[in-house]
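Coordinate analysis (summary)
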Amino acid sequence: IQTVLISHLHGDHFGGLPFLLLDAHFVARRRAPLTVAGPPGLRRRLAQAQEVFFPGSAALELGFPLELVELPARAPTALGALSVTPFEVDHPSGAPAFALRVEAGDRTLAYSGDTAWTEALLDAARGTDLFVCEAYGLDRPVPHHLDARTVLARRDAFGCKRLVLTHLGEAALAQADALGAEVARDGLVLEV
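Residues numbered from 1 in each chain as written. Predicted model: local features only at pLDDT ≥ 70, side-chain atom pairs only at ≥ 80, totals over all residues. Heavy atoms only, no water.

This paragraph deals with the state of the cysteines. In the structure shown here, the tally under the stated rule is zero disulfides. In this structure Cys 133 is a free cysteine whose sulfur lies 8.6 Å from that of Cys 160, the closest cysteine sulfur available. (Disulfide = S-S within 2.5 Å.)

With that settled, consider the nonpolar core. In summary, soluble globular proteins display a tendency toward joint burial of nonpolar side chains. Grouped together as the largest cluster of nonpolar side chains are 28 residues, with contacts concentrated most on Phe 131, Phe 158, Leu 163, Leu 165, Leu 168 and Leu 179. Top contributing element to this core by residue count: helix H4 (residues 120-125), with five residues. One finds Leu 17, Ala 24, Leu 46 and Ala 95 within the second-largest nonpolar core, a separate group that totals 15 residues. (Core = buried A, V, L, I, M, F, W, Y, C linked by side-chain atoms within 4.5 Å. Buried < 20%, exposed > 50% of the residue type's maximum accessible area, 1.4 Å probe, protein only. Helix = DSSP H or I, 4+ residues; strand = E, 2+ residues; numbered from the N terminus.)

With respect to topology, three strands assemble into an open sheet ordered S1-S2-S3, the strand pairing being parallel. Where the open sheet ends on each side, the last strands, each with one partner, are strand S1 (3-5) and strand S3 (66-70). The average undirected angle you get between the axes of adjacent strands in this sheet is 15°. In this structure, strand S2 (residues 34-38) lies alongside S3, joined through five bridges in parallel fashion. Within the sheet, the bridge partner assigned to Gly 38 lies in S3 and is Glu 70. Lying over the sheet, helix H2 (residues 17-27) contacts S1, S2 and S3, oriented at roughly 175° with respect to S2. The sheet strands contacting helix H3 (residues 42-53) are S2 and S3, and the helix crosses S3 at an angle near 125°. (Pairing = 2+ DSSP bridges. Axes fitted to C-alpha atoms, helices over the stretch in contact; angles between N-to-C directions. Contact = heavy atoms within 4.5 Å.)

Its boundaries defined by the atoms lining it, the largest pocket holds a volume of some 380 Å³. Elements with a minimum of two residues in the lining of the largest pocket: helix H1 (11-14), strand S6 (97-104), strand S7 (107-111) and strand S8 (130-134). Counted by class, the lining of the largest pocket contains eight nonpolar, three polar and one charged residues. (1 Å grid on protein atoms, 1.4 Å probe; cavity = no way out; pocket = protein on both sides within 12 Å on 5 of 7 lines; lining within 4 Å. Points joined across faces, edges and corners; volume = space filled by probe spheres on them. Nonpolar A, V, L, I, M, F, W, Y, C, P; charged D, E, K, R; others polar.)

Bringing the packing of H2 against H3 into the picture now. The axes of two packed helices give the description: the angle between them and the distance between them. Closest axis-to-axis distance for the H2/H3 pair is 9 Å, and the angle between their directions is 75°. Judged by the angle between their axes, H2 and H3 are roughly perpendicular. Across the interface between the two elements, Leu 17, Pro 18, Phe 19 and Leu 21 from H2 touch Leu 42, Leu 46, Ala 49, Gln 50 and Phe 53 from H3. (Parallel < 35°, antiparallel > 145°, perpendicular 65-115°, else oblique.)

All right, on to H3 then. Its twelve residues give H3 an end-to-end C-alpha distance of 16 Å, which sits within 8% of 16 Å, the value for a rise of 1.5 Å per residue. Those residues of H3 lying buried are Leu 42, Arg 45, Leu 46, Ala 49 and Gln 50. Viewed along the axis of H3, the buried residues span an arc of 140°, placing them on a single side of the element. Of the surrounding secondary structure, the elements contacted by the buried residues of H3 are H1, H2, S2 and S3. (Expected span 1.5 Å × (residues − 1). Arc of directions from axis to C-beta.)

Before going further, it helps to examine the sheet that holds S6. Here we have seven strands laid out as an open sheet, ordered S4-S5-S6-S7-S8-S9-S10, and mixed in their pairing. Whereas interior strands pair on both sides, the edge strands pair on one side only; in this sheet they are strand S4 (77-79) and strand S10 (182-183).

All told, the structure shown has eight salt bridges when counted by the stated rule. Here Arg 107 and Asp 106 are joined by a salt bridge, their closest N and O atoms 3.9 Å apart. By relative accessible area, Asp 106 is classed as exposed at 65%. A salt bridge links Arg 126 to Asp 123; its shortest N-O distance comes to 3.0 Å. The exposure class of Arg 126 is partly exposed, given its relative accessible area of 45%. Overlapping salt bridges bring together Arg 74, Asp 123 and Arg 126 as one network. (Salt bridge = Lys/Arg side-chain N within 4 Å of Asp/Glu carboxyl O.)

Put into structure tokens, the structure is as follows:
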């Protein structure tokens, strides 16, 4: 792992970072640099999470260089071989929530993050090789989340080569095989 990209600052999307950093330092004895990039507020919220889970760990001098990058909305940011462009979406999390568009060479993927429907998703997904899109609900709106029917009704508008649904809730999972779309499942490996 060279770079970790964070869509928003809810625990299920960034809460593993304190564990990743401690494991890299104490267990793997990592020496290679690590970049973590996400929305504005990332530094503060990461330090808070570290102190909640492991008091004193935010002040630990890691055995590897850690670069924390707070991404500006709709501005491409170079992160090594990657160019990352965040698009603000509708998912209150105490900081901006982003859909992320990632370009590496001639390959491009986008990830919706968690969000209600917003036109920003069209900008993030347009022309990508792969768009991984949250579809928590099946056919009824869930606050600040997408549902599979809304996503699939806009499949052509995304302009992506491949669409994979992820973050399915109970109702969507129960109908996953009938959706007529590719669905992420545990252990899935995607090649772009």
